[in-house]
Amino acid sequence: MNNTLLSLTIAIMFGIGTFLILRRDIVRVIIGLSVLSHAVNLLIVSTGVFYGTKVPIIANDGGHGVTEETGTIFNDVLSENILAPILAPGHSVAYVDPLVQALVLTAIVISLATTAFILILAYRIYEEYGTTDIKELRRLRG
Amino acid sequence: MNSLAQHLPIILIATPILMASLMVLLRSRPQFQKVLNISVYFVLAFLSIVLLLQVWNDGIQVYEVGEWGKYGILLVADLLSAGMVVLTTCISLLSMVYSLDYIEKRSLSSTYYPLFNLMLAGLNGSFLTGDIFNLFVFFEILLLSSCGLVIANEHGGVTKISDKMEATFKYLVLNMLGSIVMLIAVASLYATTGTLNMADISVKLSAMSAAGTMPWHVFAIALMFIVVFGNKAAIFPLHYWLPDVHPTAPSPISAMLSGVLIKVGAYGMLRVFFLIFRDTLYIFQPVIIYLALATIIVGAISAVAQNDVKRLLAYSSVSQIGYVFLGMGLGSIYAITASLVYLVNHAIAKSMLFLSSGAIIHYAGTRDMRKMGGMVDRFPMIALFFLAGAMSIAGLPPTGGFIAKFVLFDAGITDKYYFEIGIALIFAVFSLFYMFRAWLLMFWGEIRDTEKYGDYSAQKASPLILVPIMVLAVAIMVLGLYAEPLIALATATAGQILDPQPYIEAVLTRVVR
């Protein structure tokens, strides 16, 4: 149920972002881009919750073999079709993947920088053109 | 020396980043900045050649950043990466030398040097990284720094600042959308395979495919990567930003954008599709081929009608990148060799053409070719160099472009793609037409109507502007007359691309510390 709500939220955010990007006002386009990037961040975070399936976390032994304390296997045994680090039998733990959170942090920082740049650009365009209507931005043609 | 050689991949990325911050600190000492930057770029070009030789002699080099093994960030230098890094560092050295006299002094020392260094770091990083999320990060570094560079001011102010901002806005919005799509694709890939290491993903996806359990959404992810790299490389439905951005940027930046930056898309395509999505390629090869053909057609037809010299060159870039993607889509080892040879030749020729068009518009005070004419008397050297570049783009012997087109068409005919090669040949004739139209309009004929448009400015191009153009023109001729080493290198590279097993082994069969 929780996952359904989360997915629905992400979908609606993608919808709003796409709608805003198709507007004529530059500022709305920029807001649309931010909404979209937040939707992507939510999407990434939502992939990081596991209920006892694949857990990509390195254990103390350096990442190979079974450790009894955590109950995880980190060997990719391709012949047995074991693709990612998986739980040893008899264990069932809910994990949150720490890596996706690192990814999201990086993505947030990057989108902060790009949004700051594009906002300043929008301000300068407003100064030069006297409007924020995107249809007026068509001096380059041919 | 031995330890330095081990750390080459990280040096090639870290030095430009370090230089960027150093250049901000040194902005009140322009002379020192100039000397330091040029000497560091010389060293970087040398080091990249050392790296290529190292890869050629000792096989694929893997560098673990922070020694986390395959779970951390890896820098992998195989022949493709090292070759692209050599191309990048050499062209950016020449563009930097050219910029010293071309870019306005104040803008040069305050923003231009740091951003140029960051762009070089982004380029080297995206070529060398072995981690797909890291590729995204370097793409963003590349995007932001190149946006800042497009707005940089050149001497004379031929391009209005409002035009630059409009172009940058288009570039930034489209590429931000591209990076959002890339983030979705990377996240889905991670959720599917549980790893971000490209070699690891490749192993897992091919194991799934061998077991017949490949999820259907892998195809959707692959399609998203076509959108991302197609957007970077300006492939047909996504090429509309390029003819605005490349002409409005200052000429050395146009040379970097057209010469190297759109090749990042081609590199990403080669890396991601032939390493990770090998098993989906049978569906996407026709897609790539027909997108490439559409790109060739649209670029060539649009270039014919242009009067702005840099806009013509930009549309020509769209058309030429189509040929690179065509070779990729054909997919045999010979076709990929052709695609790589084409990529290198186009990078050199198009950088040269943009640099010399910068010297020309600097002199004429306008970008409109109809207002030029008769410049062969005043500018015999540039006329000669521009002719060499035009011949290379048009594919005439004895330039490198002839070899590239010949190998590409030969590869297509060997693989019996007669219809595709036929279309490519027809539009190669178009490129002959538009390049020579540009050359004739600018250099031949009467001197322009000086009463109507004013005389040419008395300012001649300085040696710092002429030398990079000359070096690149010589490189075009050398690649045409003595093409065997490049073709041998490209063949070895294509072999590595089509058989990724050595790459995977080099990355994965290492002791995790």
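Cut-offs and rules
Residues numbered from 1 in each chain as written. Chains lettered and ligands numbered in written order. Predicted model: local features only at pLDDT ≥ 70, side-chain atom pairs only at ≥ 80, totals over all residues. Heavy atoms only, no water. Helix = DSSP H or I, 4+ residues; strand = E, 2+ residues; numbered from the N terminus. Buried < 20%, exposed > 50% of the residue type's maximum accessible area, 1.4 Å probe, protein only. Contact = heavy atoms within 4.5 Å. Areas by Shrake-Rupley, 256 points an atom, 1.4 Å probe, with all protein chains shown as cover. Salt bridge = Lys/Arg side-chain N within 4 Å of Asp/Glu carboxyl O. Patch = residues over 30% accessible without salt bridge, like charges linked within 9 Å, V, L, I, M, F, W, Y side chains within 5 Å. Axes fitted to C-alpha atoms, helices over the stretch in contact; angles between N-to-C directions. Parallel < 35°, antiparallel > 145°, perpendicular 65-115°, else oblique. Left-handed = near helix turned anticlockwise from the far one by under 90°. Nonpolar A, V, L, I, M, F, W, Y, C, P; charged D, E, K, R; others polar. Buried area = accessible area lost by both parts, 1.4 Å probe. Polar contact = N/O pair within 3.5 Å; in protein donor to acceptor, adjacent residues only side chain to side chain. Expected span 1.5 Å × (residues − 1). Pairing = 2+ DSSP bridges. Core = buried A, V, L, I, M, F, W, Y, C linked by side-chain atoms within 4.5 Å. pLDDT = per-residue confidence, 0-100.

Caption draft 1: Examining the overall build of chain A more closely. Summing up its helical and strand segments, chain A has three helices and five strands in all. What you see in chain A, going N to C, is helices and strands ordered as α-α-β-β-β-β-β-α. Within the span of chain A, comprising 142 residues, buried residues form 39% of the whole. For chain A, long-range pairs separated by at least 24 residues make up 48% of all intrachain contacts whose partners lie at least 6 apart in sequence. With an accessible surface of roughly 8100 Å², chain A has 63% of that area assigned to carbon and sulfur atoms.

Caption draft 2: Highlighting the overall build of chain B. The helix and strand inventory of chain B stands at 22 helices and two strands. With 513 residues in all, chain B has 65% of them scored as buried. Intrachain contacts of chain B at a sequence separation of at least 6 include 81% that bridge at least 24 residues. Accessible area for chain B stands at about 16800 Å²; split by element, carbon and sulfur atoms hold 69% of it.

Caption draft 3: Focus on the pattern of salt bridges. Within this structure, the stated rule accounts for nine salt bridges over all chains. Two residues, Glu128 of chain A and Arg124 of chain A, come together in a salt bridge whose shortest N-O distance is 3.4 Å. Note that Glu128 of chain A and Arg124 of chain A are positioned in helix α3 (residues 98-129) at a spacing of four residues, about one turn of the helix. When salt bridges that share partners are traced, they join Glu166, Lys170, Asp244 and Arg311 of chain B into one network.

Caption draft 4: Seen up close, a nonpolar patch on the surface. Residues and elements named next belong to chain B. A surface patch of nonpolar side chains, about 600 Å² in accessible area, is lined by Met381, Met470, Val474, Val478, Leu481 and Tyr482. It is helix α20 (residues 463-481) that contributes the most residues to the nonpolar patch, four residues altogether. Counting through the fold element by element, Met470 comes out in helix α20.

Caption draft 5: View of the packing of helix α7 (residues 161-193) of chain B against helix α9 (residues 217-233) of chain B. Residues and elements named next belong to chain B. Running from N to C, α7 and α9 point in directions that differ by 150°, and their axes come no closer than 9 Å. Taken as axis vectors, α7 and α9 run roughly antiparallel relative to one another. Remark: the crossing between α7 and α9 carries left-handed chirality. The residues of α9 that touch α7, namely those facing Leu174, Asn175, Gly178, Val181, Met182, Ile184, Ala185, Val186, Ser188, Leu189 and Thr192, are His217, Val218, Ile221, Met224, Phe225, Val228, Asn231 and Lys232. Here the contact of α7 with α9 is composed, by residue class, of 12 nonpolar, six polar and one charged.

Caption draft 6: Just the interface of chain A and chain B, in detail. Listed by partner, the interface residues are 49 residues for chain A and 45 residues for chain B. Together, the buried faces of chain A and chain B total about 4000 Å²; carbon and sulfur atoms form 76% of this surface. At the boundary of chain A and chain B, one finds zero salt bridges. Taken together, the connections running from chain A to chain B amount to two residue pairs in polar contact (both at pLDDT 80 or more). Going through the elements one at a time, α1 (2-21), α2 (26-46) and α3 of chain A are the ones with two or more residues in the side of chain A that touches chain B. Here the side of chain A that touches chain B gets 16 residues from one element, more than from any other, and that element is α3 of chain A. Looking at the side of chain A that touches chain B residue by residue, the classes come out as 30 nonpolar, 11 polar and eight charged.

Caption draft 7: Inspection of helix α4 (residues 79-102) of chain B at higher detail. With 24 residues, α4 of chain B extends 34 Å between its outermost C-alpha atoms, agreeing within 8% with the 34 Å of an ideal straight helix rising 1.5 Å per residue. Counting buried positions over the 24 residues of α4 of chain B gives 21, a clear majority of the element.

Caption draft 8: Highlighting the packing of helix α16 (residues 380-394) of chain B against helix α18 (residues 418-443) of chain B. Residue and element names in this part refer to chain B. Running from N to C, α16 and α18 cross one another at 170°; their axes reach a closest spacing of 8 Å. The pairing of α16 with α18 is recorded here as roughly antiparallel in orientation. Mapping the contact onto sequence places Ile382, Ala383, Phe386, Leu387, Ala390, Met391, Ile393 and Ala394 in α16 and Ala428, Ser431, Leu432, Met435, Phe436, Trp439, Met442 and Phe443 in α18. Considering only residue class, the contact of α16 with α18 consists of 15 nonpolar, one polar and no charged.

Caption draft 9: Region of the structure containing α9 of chain B. Residues and elements named next belong to chain B. A rise of 1.5 Å per residue sets the reference length of α9, with its 17 residues, at 24 Å; its end C-alpha atoms lie 24 Å apart and thus fit the reference within 8%. Considered for burial, the residues of α9 that qualify are Val218, Ile221, Ala222, Phe225, Ile226, Val228, Phe229, Gly230, Asn231, Lys232 and Ala233. Where the residues of α9 are buried, they touch α6 (132-150), α7, α8 (198-211), α11 (251-276), α12 (281-304) and α13 (309-330). Remark: Ala234 follows α9 within two positions and exhibits a positive phi of approximately 60°.

Caption draft 10: Highlighting the environment of Phe402 of chain B. In this fold, Phe402 of chain B is placed in helix α17 (residues 400-414). When neighbours within four sequence positions are excluded, Phe402 of chain B is seen to be in contact with Ser392, Gly395, Leu396 and Pro397 of chain B.

Caption draft 11: Here's a closer look at the pairing of strand β1 (residues 61-64) of chain B. Residue and element names in this part refer to chain B. Side-chain alternation along β1 places Gln61 and Tyr63 on one buried face and Val62 and Glu64 on a second face that is also buried. Bridge analysis of β1 against strand β2 (residues 74-77) gives four bridges, and the strand direction is antiparallel. Residue pairing in the sheet places Tyr63 in a bridge with Leu75 of β2.

Caption draft 12: Summary view of the nonpolar core. All names here are of chain B. Judged by nonpolar contacts, the single largest core of 225 residues is most densely connected at Ile132, Phe225, Phe273, Phe277 and Phe325. The leading source of residues in this core is helix α14 (residues 333-364), at 20 residues. Each residue touching Phe225, except ones within four places of it in the same chain, is listed here: Ile132, Met182, Ala185, Val186, Leu189, Gly230, Val272, Phe273 and Phe277.

Caption draft 13: Layout of the confidence of the model for chain A. Residue and element names in this part refer to chain A. Overall, the prediction assigns chain A a mean pLDDT of 75, with 63% of residues at 70 or greater. Within chain A, the element-level pLDDT minimum falls on strand β2 (residues 66-67), averaging 47, and the maximum on α2, averaging 92. Throughout residues 52-68 the model reports pLDDT below 50, and contacts reaching past four residues in sequence, or to other chains, amount to 42 contacts.

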